[in-house]
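# Architecture and fold: a report
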Amino acid sequence: MAVGESAGGHGDLTTAPAPDVFARPGVAQSLCTALFALDLVLRFSGPAESGPWPRAGAGLLVVVTVAALALPWRRLPAWAPVVLALCDLAIIGVFRLDPVGGGSAVLMVLPGLYLGRYHGRRGVITTSLGTTLFVAVPSLAYFGWDGPNVSRILLSVLVAIAASLAIASAVSRLERQRRVSAAIVDSVDVGLVLLDDEGVYQAVNRRHGDFMGLAYPEGHAGRAGQLGLVYSADGTSEVTTTDMPTALAARGEEFDDVRIWVGDDPLTRRALSVSARVVRDSGGRFDGAALAYKDVTDFMRALSVKDEFVSSVSHELRTPLTSIHGYTQLLLERDDLPAEVRSQLAVVVRNTERLQRLVGDLLHTSRAEEDALDLQRRETDLAEVVRQAVQAAEPAARENDVRLEVRTPERLVLKVDAQRIAQAVDNLVSNAIKYTPRGGEVAVELGIDANRVEITVRDTGVGIDAADRDRLFTRFFRARHAEEQSIQGVGLGLNITRSIVEGHAGRIDVESEVGRGSTFRVRLPLPGKAAGEPVGAEVPGSGD
Ligand code: ADP
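Residues numbered from 1 in each chain as written. Predicted model: local features only at pLDDT ≥ 70, side-chain atom pairs only at ≥ 80, totals over all residues. Heavy atoms only, no water.

In the neighbourhood of the ligand, 22 residues make up the surrounding shell, with N431, Y435, D459, R478 and L494 lying closest. Contacts to the ligand include K434, whose side-chain N or O atom sits 3.0 Å from an oxygen atom. Within the side chain of D459, an N or O atom sits 2.9 Å from a nitrogen atom of the ligand. When the free accessible area of the ligand is taken as 520 Å², the share hidden by the protein chains comes to 98%. Of all the elements in the fold, those that place two or more residues in the shell around the ligand are helix 11 (418-434), helix 13 (480-484), helix 14 (493-503) and strand 12 (517-525). (Near = heavy atom within 4 Å. Polar contact = N/O pair within 3.5 Å; in protein donor to acceptor, adjacent residues only side chain to side chain. Areas by Shrake-Rupley, 256 points an atom, 1.4 Å probe, with all protein chains shown as cover. Helix = DSSP H or I, 4+ residues; strand = E, 2+ residues; numbered from the N terminus.)

Structure (structure tokens):
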């Protein structure tokens, strides 16, 4: 494979080099000579006296074998080994002149196979001419046209030609198949690499040759893990030898969608999504790996444009929100406000704060690297937090004709970031209302089991398809039903909720049945008794 010589080198994946010792004339001739020698030994060990022809043949054989081993075949033209095959046919012709006979006629198959295998149709013609001129004609001229002699010679010649023809057409069919698959492999828009069990490149296709040209302008040594202009998904940090996709694959790892950038010129560099699969031998042992490199440059650029957009819109929203928040708080400081107005303004302040957090989250998620959430943990009455979140969702529930219930203990104190937990409950409750058709029910429950606090939000809504459940918590993911029914949302709520829950060392799970509803369950660990942290769960009660 040419990867070692040039960065842009490519080969076809269908021809991983198999050792072909018979392509070397010295080896092929030695095999032939061994069989001739066997014929000679057996012939001279018989009772009948052999004439001078076998000796002459043996002499010729020695000369041809020495020449086959000594000549620099690489520097000779491609047709040069044909002369060797013809010499072998001539040696058989000489052996055939011996009246004692022997099995040498059958050895005509060997030059026939050689010529058919490596020289195709021309090889078959050469076999036909060679066997006729060097074996059949001298033998018939010498022994005459008697039936048994003609039969022996003619059949041997025909068998040699048939063998030559059979192998030539098999090779030509294989060659055609190889060219077709090579054309397909080279025309796909995905870079393909085949590694052997030691991480040595066996083949790359044309597309990957282009990627290697960007990653290794100085050339590539054809081994997995070579350092080059290869960067991780952020586009800036260089990928280390051990983290190189080829190195991972050479260690037997299988993966999908590992993103890298190749090249350092902003105009020409490409983003690639790499997958790898292990190749096993017939005994199931690791025998190498196949890697596919998909060009995802446009997708990555679109992502970064989207992130920039989200980030700049969020910045724009922040200023007016700060102003609404500030002025509403100023209003709340007045003493002349009727109690009802005061409580309504408190709702405005609370919701403005939620909106500010959402905008902050949008900014947070738009950053390429998700930093850990900055949690401000304080002892908090979770029961109050949950009740308030449910209260805030009541107008939406009324509007959607969804019955909203809440069950909490009177008090449940835990050291959490109250605002963040409120946000998480808020997200779950508002989703439950959003994805529940009119007449449905949403029940929110807070409780403690053995060693953790559980917040459960159960609805009788549309449910979530099993295929979507794994991706629910990924950024910007929206299940099909949400898109189809044009339910408003951006697909950030659950992602942020999970960050908040995990930030508190908790877990969030979902159970769901399409058409029957979903249950989201948040579990937060209770502090160990040794830590002496207070957990007060008092008087289970209910509110709405
Ligand atoms: P959004 O609601 O803004 O689309 P989320 O991240 O909150 O984003 O939710 C992601 C997706 O999960 C939603 O688009 C919706 O398809 C699905 N989903 C979330 N909660 C529920 C629920 N209670 N019932 C059915 N589907 C839900």
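Counted under the stated rule, the structure contains four aromatic pairs. Ring centres of Y142 and F143 lie 5.1 Å apart, and the angle between their planes is 85 degrees; on these two criteria the pair is classed as edge-to-face. The exposure class assigned to F143 is partly exposed, which follows from its relative accessible area of 30%. (Phe/Tyr/Trp six-rings, centres within 6.5 Å; stacked < 30°, edge-to-face > 60°. Buried < 20%, exposed > 50% of the residue type's maximum accessible area, 1.4 Å probe, protein only.)

As a further point, take the pairing of strand 1 (residues 190-196). The sheet contact formed by strand 1 and strand 6 (residues 286-295) spans seven bridges and is antiparallel. Residue pairing for strand 6: D196 is matched across the bridge by G288. Direction of pairing for strand 1 relative to strand 2 (residues 201-204): antiparallel, over a ladder of three bridges. Each bridged residue has a counterpart across the sheet, and for L194 the counterpart in strand 2 is A203. Where strand 1 folds back onto strand 2 in an antiparallel hairpin, the turn is made up of four residues, including G199, whose phi is positive at roughly 80 degrees. (Pairing = 2+ DSSP bridges.)

Glancing now at the pattern of salt bridges. Inspection of the entire model under this criterion finds 21 salt bridges. A salt bridge links R277 to D256, with the nearest nitrogen and oxygen atoms 3.0 Å apart. In this pair, R277 is assigned in strand 5 (residues 270-280) and D256 in strand 4 (residues 255-262), connecting sequence segments 21 residues apart. The residue R403 makes a salt bridge to E405 at a minimum N-O spacing of 3.2 Å. With a relative accessible area of 48%, R403 lands in the partly exposed category. (Salt bridge = Lys/Arg side-chain N within 4 Å of Asp/Glu carboxyl O.)

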